[in-house]
Amino acid sequence: MYRREGIAMQTIEIKDNVFLLNTANTSYMFYADKFRHLQHVHYGDRCFISDFEALCLKRCIQYGDTIIYDEKTDDEYTLDSLPLEYGSYGNGDFKEASIEIEDDLSFTCDFLYVSHEVVKEDLKIKDLPSSYGSDSTLIVHLEDPVNKLKLDLYYTIYPQEDVISRRAVLINSSEREFVLHKLMSYCLDLFEEDLTLMSFFGAWDKETHLNVTGLVRGTCTLGSRVGFSSAKNNPGFIIRKRNTSENFGKAWGFNLVYSGNHYSSISKDEYSIHRIQGGISPERFHYSLLPGNSFETPEAILTYSGTGLNVLSDHFHRFINNHIVRSKWKNRERPIKINSWEGFGFDFKKDDLIKKLAKIAAKLGIELFVLDDGWFGRRSSDKRGLGDYNCNLKKIPGGISSLSEEIHKLGMLFGIWVEPEAINIDSALYEKHPEYAIKDGERQFRFGRHELLMDLTNKDVQDYIVENVGKLIDDNSVDYIKWDMNRMMDGVSGVYNHEYIKGLYSVLERVFISRPDVLFESCSSGGNRFDLGMLCYSPQIWSSDDTDPIERIDIQKGLSYLYPVSTMGAHVSASPHMQTLRQTPLETRFNVAAYGCLGYELDLSLLSPLEKYEIERQVAYYKKHRRTFQFGTFYRFDDEKDYEAFEAVNGDEAIVTKYRRLVHAVPVYDKLRVEGLEEDGEYKISSKPYLHNLKMFGNLINFVTPVKVNADSKLIEIITKFKGMDASIQDYKASGRALKSGIYLNNLFLGTGYNSNIRIPLDFGSDMYESRVSETTDKNKD
Ligand code: GLA
């Protein structure tokens, strides 16, 4: 990674009316012009404050058909053609505004520079989570001289992570009431041609799929109106030059520390200014801003890389690990879990769980047992029980505390599932407190997964959740909570949605900040709420209910652009897969889940001795390399024909995996590329050992067996439960330089014979390789 270690730098430079914000590799520049509007100058590679004149827009004559701001003073100055730091409606600016207010007199705003200050300590946002541990914050105070509204723009600098965060606060210092319809967290007017948008769209079971689209003149919007950050459009997105690739070119990344309805827009105007802005969704947003009151936006996260997308993602990853994630689990390796859901659903009894699942898991080296849905109240299916916290003693006779004790005795941590924000009508809670459910006026209830959301703006509801989840944790020595939320929010105003999200944050703050040892994994029907707001409380998030490894490659790859591996819950589940019915090798299921917080989610008692042996080896391998998988520098690769590849690097240890989609006859020679190692270092690269299932050879097995056997026979059935065939062990030696450009791997099987060096291809097969410093280099060092 390209870093400017050792170079003394000032993070905020201010000269006259010019502001320069510096991080290790990036600079952000703007200035207050002669009319005191803030004009954007530059966001990109490092520059000097003395570059201001050169980088500034040169305008020498009036544009046709525009409205002149102040004809008497300057008949060339028109806001519509200027790049601004924050755009507002009126005064001749026809670009999309970042603020929209309504009062009896006018919709127009004109915020002018008044003063600025630099603050060194962390500044909190009222009722919303935000990043922490910053170097410094620049606050620019603006005021509209006519309506007397004040607007403060905040710029917080994280120099080592190359991140600048932005947010806005609107203060009503007038005597009148205003209705606020829109207040974006940031606005950035970029001058660049040939820009491409990378957004992350999806649905339940298909989250964060990469969507790439060229930006044309007009407006492209991204957002959510499902009440939460949503799988439909993650709040994070990237703008890049058309030719930017993983390791080359310019890219700008954006995200929001917010979990509710969000909105981002990218408009390209006739002057090729790309106005990029984002914040709370303005849809159905009518906030009454009373005299003396203020409104604070969520924080937006901005980063830039001049050297490709891997570096851009690395900025996000390090920023999230260092300045978003809190608790004892910050930068701490996450335990390997076994989760009961995909193996058992609602259908379990304590004896099944303890005898058949937890015990086997403990033997295999798994560290955390998670009891998923179905343990409480009337919860025999997803139609009932939500809202209640009493243990179902028919399933777990001794209660949760005895179960937790037994799990702890097995040497594992104990975790449990809750869905505190939702309520079923068929529950003791609803019978007592029907007013806890959110209603849509006089309309009938419409259910989502048979449930309704609870009114988290109501203090009684907040207290009920805090008390019950807190008690569940404290009374039962719970080490881990999976906090689910499975209903989207509709029929409410934008302001209600925002108040709900603030209520949620307040509940999470009260439950988890005082219990920093508890590992909290949030979930929302999988990844329907994978965002930086939730990550301020939950160090990891369940990425998707889709655990099919081939689907997961796309999901985890999409997530990796914005979020680090340490935040992604990723499990090995049964094959054929529950949702896709696809059959995949156990090896590939592990090889994908390993680039995440690893877990297993299947009935382990149904596995053969051979599969258990393989899982035990996987668990041991993951533990040995966990730091690299979870916190290493993550790489994606361009141009991998027929393959996808992931890599994680921590010092000399690189772990690269190539995932094959479909096998082709006469395969091309393929290479292994390894990024991020010392170019002059000498490395040994070894493949991770694993076993092939003999059944995959069908009757071809007779070519190597001394006696003729039938592949469908009982005998083969029994043998394959205990015996597999070693995958070829490959060892290569190469310099970091050669590895970066790619080294050839052994031949793939061609159907012309077999020897132990040949790699066996399989549809959906994969191979994992690890690097270590070659012994020759070690000796040379001595
Ligand atoms: C949601 C979650 C799953 C599981 C079920 C339990 O769908 O995403 O992981 O916890 O709920 O009902």
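In this report, the structure presented in the accompanying data block is examined. Because the structure is a prediction, the values reported are computed rather than measured.

Observations concerning the packing of helix H7 (residues 459–475) against helix H8 (residues 494–513)
Two quantities define a packed helix pair, namely the angle between the axes and the distance from one axis to the other.
Part 1 of the reasoning: With their axes 9 Å apart at the nearest point, H7 and H8 run at an angle of 30 degrees to one another. By the angle between their directions, the pair H7 and H8 is classed as roughly parallel. The chirality of how H7 crosses H8 is right-handed. Seen from H7, the contacting residues are Lys459, Gln462, Asp463, Ile465, Val466, Val469 and Ile473; seen from H8, they are Gly503, Ser506, Val507, Arg510, Val511 and Phe512.

Concerning the nonpolar core
Part 1 of the reasoning: In terms of nonpolar packing, the biggest core is built from 177 residues, with Leu371, Ile481, Trp483, Tyr600 and Leu604 touching the most fellow members.
Part 2 of the reasoning: For this core, the leading source of residues is H8, giving ten residues.
Part 3 of the reasoning: For Ile481, the residues in contact, after removing those within four places along its chain, are Ile416, Val418, Val469, Leu472, Ile473, Phe512, Val518, Leu519, Phe520 and Glu521.
Part 4 of the reasoning: Tyr635, Tyr683, Tyr732 and Leu745 belong to the second-largest nonpolar core, a separate cluster that totals 18 residues.

Considering the site of the ligand
Part 1 of the reasoning: Around the ligand, the surrounding shell holds 13 residues, and the nearest of these are Asp372, Asp373, Arg449, Lys482 and Asp545.
Part 2 of the reasoning: The side chain of Asp484 places a nitrogen or oxygen atom 2.9 Å from an oxygen atom of the ligand.
Part 3 of the reasoning: At 2.5 Å, a side-chain N or O of Asp545 approaches an oxygen atom of the ligand.
Part 4 of the reasoning: Starting from 300 Å² of accessible surface for the ligand in isolation, the protein chains cover 97%.
Part 5 of the reasoning: A class-by-class count of the residues in the shell around the ligand yields four nonpolar, three polar and six charged.

Here's the deal with the pairing of strand E29 (residues 568–573)
Part 1 of the reasoning: When you tally the buried positions in E29, you get six out of six residues, the bulk of the element.
Part 2 of the reasoning: Residue alternation in E29 divides its side chains into two sets, Met568, Ala570 and Val572 and Gly569, His571 and Ser573, and both sets are buried.
Part 3 of the reasoning: Pairing geometry for strand E28 (residues 540–542) and E29, over two bridges, is parallel. Along E29, the bridge assignment pairs Ile541 with Met568.
Part 4 of the reasoning: Judged from the five bridges that link them, E29 and strand E30 (residues 597–601) form a sheet pairing that is parallel. Along E30, the bridge assignment pairs Ser573 with Glu601.
Part 5 of the reasoning: In this region the chain leaves E29, passes through helix H11 (residues 586–593) and returns to the parallel neighbour E30; the handedness of that crossover is right-handed.

Thoughts on the sheet that holds strand E3 (residues 26–32)
Part 1 of the reasoning: A sheet is described by the order of its strands in space; here four strands give the open sequence E1-E2-E3-E4, paired in antiparallel fashion. Strands at the two margins of the open sheet, each flanked by one partner only, are strand E1 (12–15) and strand E4 (38–45). Pairs of neighbouring strands in the sheet enclose a mean axial angle of 15 degrees, with direction left out of account.
Part 2 of the reasoning: As paired strands, E3 and E4 are joined by seven bridges and run antiparallel to one another. If you follow Phe30 over to E4, its bridge partner there is His40.

Calculation notes
- Residues numbered from 1 in each chain as written.
- Predicted model: local features only at pLDDT ≥ 70, side-chain atom pairs only at ≥ 80, totals over all residues.
- Heavy atoms only, no water.
- Axes fitted to C-alpha atoms, helices over the stretch in contact; angles between N-to-C directions.
- Helix = DSSP H or I, 4+ residues; strand = E, 2+ residues; numbered from the N terminus.
- Parallel < 35°, antiparallel > 145°, perpendicular 65-115°, else oblique.
- Left-handed = near helix turned anticlockwise from the far one by under 90°.
- Contact = heavy atoms within 4.5 Å.
- Core = buried A, V, L, I, M, F, W, Y, C linked by side-chain atoms within 4.5 Å.
- Buried < 20%, exposed > 50% of the residue type's maximum accessible area, 1.4 Å probe, protein only.
- Near = heavy atom within 4 Å.
- Polar contact = N/O pair within 3.5 Å; in protein donor to acceptor, adjacent residues only side chain to side chain.
- Areas by Shrake-Rupley, 256 points an atom, 1.4 Å probe, with all protein chains shown as cover.
- Nonpolar A, V, L, I, M, F, W, Y, C, P; charged D, E, K, R; others polar.
- Pairing = 2+ DSSP bridges.
- Right-handed = clockwise from strand over helix to strand, strands pointing away.

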